[in-house]
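Analysis of the macromolecular model
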Amino acid sequence: MDWVLAIPALPAAAFVVLAPMSRKWRNISARVAPLAMAVALLLSVFAFWQVTTFDPGSHTAAAPATSDALFAAGDAKAQPRPAEAVWRHRTVFANVGGAALGLSFALDPTAAVMLVIVTLVGLAVQVFSLEYMRSDDRRGWYFAVVSLFTAAMLALTLADNYLIFYMTWEVMGLCSYLLIGFWHQQEAPRKAAVKAFLTTRVGDVGFAIGLFLIWMHAGSFEFADVFASVPSWAPGVATAAALLLLVGAMGKSAQVPLHVWLPDAMAGPTPASALIHAATMVAAGVFLVARSMPIFEASGTALQVTLVVGATTALVGGLIGSVQHDIKKVLAYSTISQLGYMFMALGAAGYVAGMFHLMTHAFFKSLLFLGAGVIIHATHTQDMREMGGLRRLMPWTTATFTVGALALAGVFPFSGFFSKDEILAALWKDHQYVAFFLALAAAFVTAFYVSRLWFRVFTGHARTPHAHDGTWHMMAPMAVLSVLTVAVGWLAVSFSELLGHVGHWPEPLYYLPSTAAAMSGMALGWWVYGRSAIVLNTTALKDRAGYLYDMFAQKLYFDLTYDHLVVRRFVALANRLSRFDATAVDGAVNGAASAWSRSSDASDRFDATVVDGAVNGVASLVGRLGARLRAIQSGRIQSYQRYVVAALLVLVVLIVLKGA
Amino acid sequence: MTVGLGHFLVLAAALFCVGLYGALSKRSSVMVLMSLELMANAVNINLVALSRFVTPADMTGQVFAVFSMVVSAAEIGLGLALVLAIYRATRSAELVKLDRLRG
């Protein structure tokens, strides 16, 4: 079954083909990317089919000892290890210090589900982008990076050891940087890309240290080996490792307090946002925690921390999202909030609930982002205050977007309802009652901002009368995604069973309060924004809740705090280093140069004065002496005679004196 | 007062000094030649006087003086010829103007 490897390899190949081309050829052959993705989707569906029809009894898959034993003896909290892998592949590609580093991939039900989600959303996004990015002259590069991004996520879902996981994780970090900063001619995308990269880097450092710790105690990166050795770890080690992995997941999945990069990441192209925020980047963090569940469960404390982080994020993201005016920022904060939900589920050991919400969220959030893309494409603005009345102008967009919005709000019978229900059930069964009510509160806030968005954009006075639905390139992916959004919820039970868990249908204990929360939230949204249908600014709300509103509008001061405590310090340090560089280092270099120049000047002067002086001095001395002596040779015979006589007289005088 | 050797020698020295002065100071080359003649005659006086007072038996000094006068006469003829030649070449016989060998 090694053809499974082709699923990540195909988009990667699309990148390899496109990347070295010239811009012109890359733009022409950009369609290679959706084509590769389509084939990958077919293969993923086939792989999924193989997994569902897989009978463990008839197959002696060479699965190394998994941590089944751990779970068999576990308490009620422990989930059965998601059904064993159908296929494993391991190639040792390097031996470092006697340790074999392997290219390990495995196809288990979780991975199969993720493959389908990622390829489906990836294909939808790429088809959508064909139209959305049509007039961009760097669209070839866009498709190349999107392909690489998807390939990395696919490889990550198949990864069977932490090494591959980490490598693909980092490739995604790079791709998100490239996509967020895609329009790098402008200031904001550039800054956002750097911010996203650096913020997730903070998490990645935690992840890396966690990997070191795991290596120290397990001596291997293979999932099976690591989980098998978890029970033998010293107390605290599992907690430390799990928390470090959690830090990495928090960075990638934009959990408080590392969530600040995600709203800014909206500076990238909208379909790329759909990809980042639905299927790939942010899902990776959730997936990491889900994959590392045995470590988290061995710790217990780490699960509590995950729960707290998730609950905080779910609420904070929703509250901040409620006061945003940029349609994409609302969706971004919504993503943060929904990721918080997933973390809550994982924190309550609700592996299946978390993964299920990851799946439903991937579909309805990519649908919402693509819808936002159509709207932005049609109205040429992202500010909801400049939109309105699109219901009549863009009926198809409205219909599909509404499906996504209702799913996000958690309304029956859309998929969000089922996955939220599962999360609530997981929280209740884990006796996390505080978190249960926080989740309900978050559901209320979610419903509020969803209806706020919907009423503002689709009802009221039409401000952009020429807006219209997109072409089929744009509408077809949205239609497919909305069908999935409706359908996927009904798979809740079979999904649980596929992951080796007992499924159950929604129970009144959970769906009554959750529906009540959703309905009241939507009612409040209608009351504030939909009722009069002409409320197009927030003055009233601002006045009514001035202090609170400011707090949320300032994003709960996270950005300001980071700016104050970290960014500015860092910039100051950088400036200081730059000054040090300019003064001390450059000074030393320039000083050496000028000292050398001065010494050669001095040597030049010495040459000119002393050496040349000596030479010229001797010459001029001789010259002057010659001039004096020349005066004697006057050419007059009588003067010579006078000298002769004088000399004779002197001689005579001398002789006379001597004689005396 | 008897005239002795000393008187002759003083006379010769005086004559020599006059001649020397003339040779060193006169501008005209003819005058210089004449001064040279004075100096030569001072020598002749010495020759004759010394011959008469120191070796009266021999006539060497007297004879030498005669030879000397002949040579002087020839010499002066040569000198005058040179002066004439210079005069023809430079239209002047003044010694101060003859400085073409100046360094």
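Residues numbered from 1 in each chain as written. Chains lettered and ligands numbered in written order. Predicted model: local features only at pLDDT ≥ 70, side-chain atom pairs only at ≥ 80, totals over all residues.

**Structural notes on the nonpolar core**
A:L107, A:V286, A:M344 and A:A439 are the most contacted members of the largest nonpolar core, which totals 217 residues. Ranked by residues supplied to this core, first place goes to helix α17 (residues 351-379) of chain A with 18 residues. Beyond its immediate sequence surroundings of up to four residues, A:A439 is in contact with A:A314, A:Y341, A:M344, A:I423, A:L424 and A:L427. By size, the runner-up hydrophobic cluster in this structure holds six residues, among which are B:A23, B:V32, B:M39 and B:L95. (Core = buried A, V, L, I, M, F, W, Y, C linked by C-beta atoms within 7 Å. Buried ≥ 20, exposed ≤ 12 C-beta atoms within 10 Å, placed from the backbone. Helix = DSSP H or I, 4+ residues; strand = E, 2+ residues; numbered from the N terminus. Contact = placed C-beta atoms within 7 Å.)

**Description of the packing of helix α13 (residues 281-291) of chain A against α17(A)**
Describing two packed helices takes the angle between their axes plus the distance from one axis to the other. Residues and elements named next belong to chain A. Taken N-terminus to C-terminus, the directions of α13 and α17 make an angle of 165°; their axes are 10 Å apart at the nearest point. Classified by the angle between their axes, α13 and α17 sit roughly antiparallel to one another. The way α13 lies across α17 gives a crossing that is left-handed. Between α13 and α17, the contacting residues are A283, V286 and A290 on the first element and Y351, G354, M355, L358 and A362 on the second. (Axes fitted to C-alpha atoms, helices over the stretch in contact; angles between N-to-C directions. Parallel < 35°, antiparallel > 145°, perpendicular 65-115°, else oblique. Left-handed = near helix turned anticlockwise from the far one by under 90°.)

**Examining unusual backbone geometry**
All names here are of chain A. The linkage connecting V256 with the following residue, P257, adopts the cis geometry, with an omega of 5°. Structurally, the position occupied by P257 is in the loop between α10 (237-252) and α11 (261-264). Note the cis peptide between F412 and P413, where omega equals 5°. If you trace the backbone, P413 turns up in the loop between α19 (395-409) and α20 (415-429). In the Ramachandran plot, H431 falls in the positive-phi region, its phi being about 65° despite a non-glycine side chain. Classification of H431 as exposed rests on a count of 11 C-beta atoms within 10 Å.

**A few points about helix α22 (residues 472-487) of chain A**
All names here are of chain A. With 16 residues, α22 should cover 22 Å at 1.5 Å per step; its first-to-last C-alpha distance of 22 Å lies within 8% of that length. Of all the positions in α22, only M474, M475, P477, M478, L481, S482, L484 and T485 are classed as buried. Against α5 (109-132), α17, α19 and α20 lie the buried residues of α22. (Expected span 1.5 Å × (residues − 1).)

**Section: the interface of chain B and chain A**
Facing the ten residues of chain B at the interface are ten residues of chain A. Class assignment of the residues belonging to the side of chain B that touches chain A gives a composition of six nonpolar, one polar and three charged. (Nonpolar A, V, L, I, M, F, W, Y, C, P; charged D, E, K, R; others polar.)

**Quick word on the packing of helix α2 (residues 29-54) of chain B against helix α3 (residues 60-90) of chain B**
Residues and elements named next belong to chain B. Running from N to C, α2 and α3 cross one another at 175°; their axes reach a closest spacing of 9 Å. On the basis of the axis angle, α2 is roughly antiparallel to α3. Here α2 contributes S29, V30, L33, E37, A40, V43, N44, L47, V48, L50 and S51 to the contact with α3, which in turn contributes T60, G61, Q62, F64, A65, S68, M69, S72, I76, G79, L80 and V83. Each residue belonging to the contact of α2 with α3 can be placed in one class, and the counts come to 13 nonpolar, nine polar and one charged.

**Let's talk about the confidence of the model for chain A**
All names here are of chain A. Across chain A, the average pLDDT comes to 84, with 92% of residues at or above 70. Taking the mean pLDDT of every element in chain A, the minimum, 38, falls on helix α4 (residues 68-72) and the maximum, 92, on helix α6 (residues 139-158). In this model, residues 58-82 is a region of pLDDT below 50 whose contacts with residues beyond four sequence positions or in other chains number 43 contacts. (pLDDT = per-residue confidence, 0-100.)

**Details of the pairing of strand β2 (residues 99-107) of chain A**
All names here are of chain A. The pairing of strand β1 (residues 87-96) with β2 spans nine bridges and is antiparallel. Looking across to β2, one finds that V96 is bridged to A99. Where β1 folds back onto β2 in an antiparallel hairpin, the turn is made up of two residues, including G97, whose phi is positive at roughly 55°. (Pairing = 2+ DSSP bridges.)

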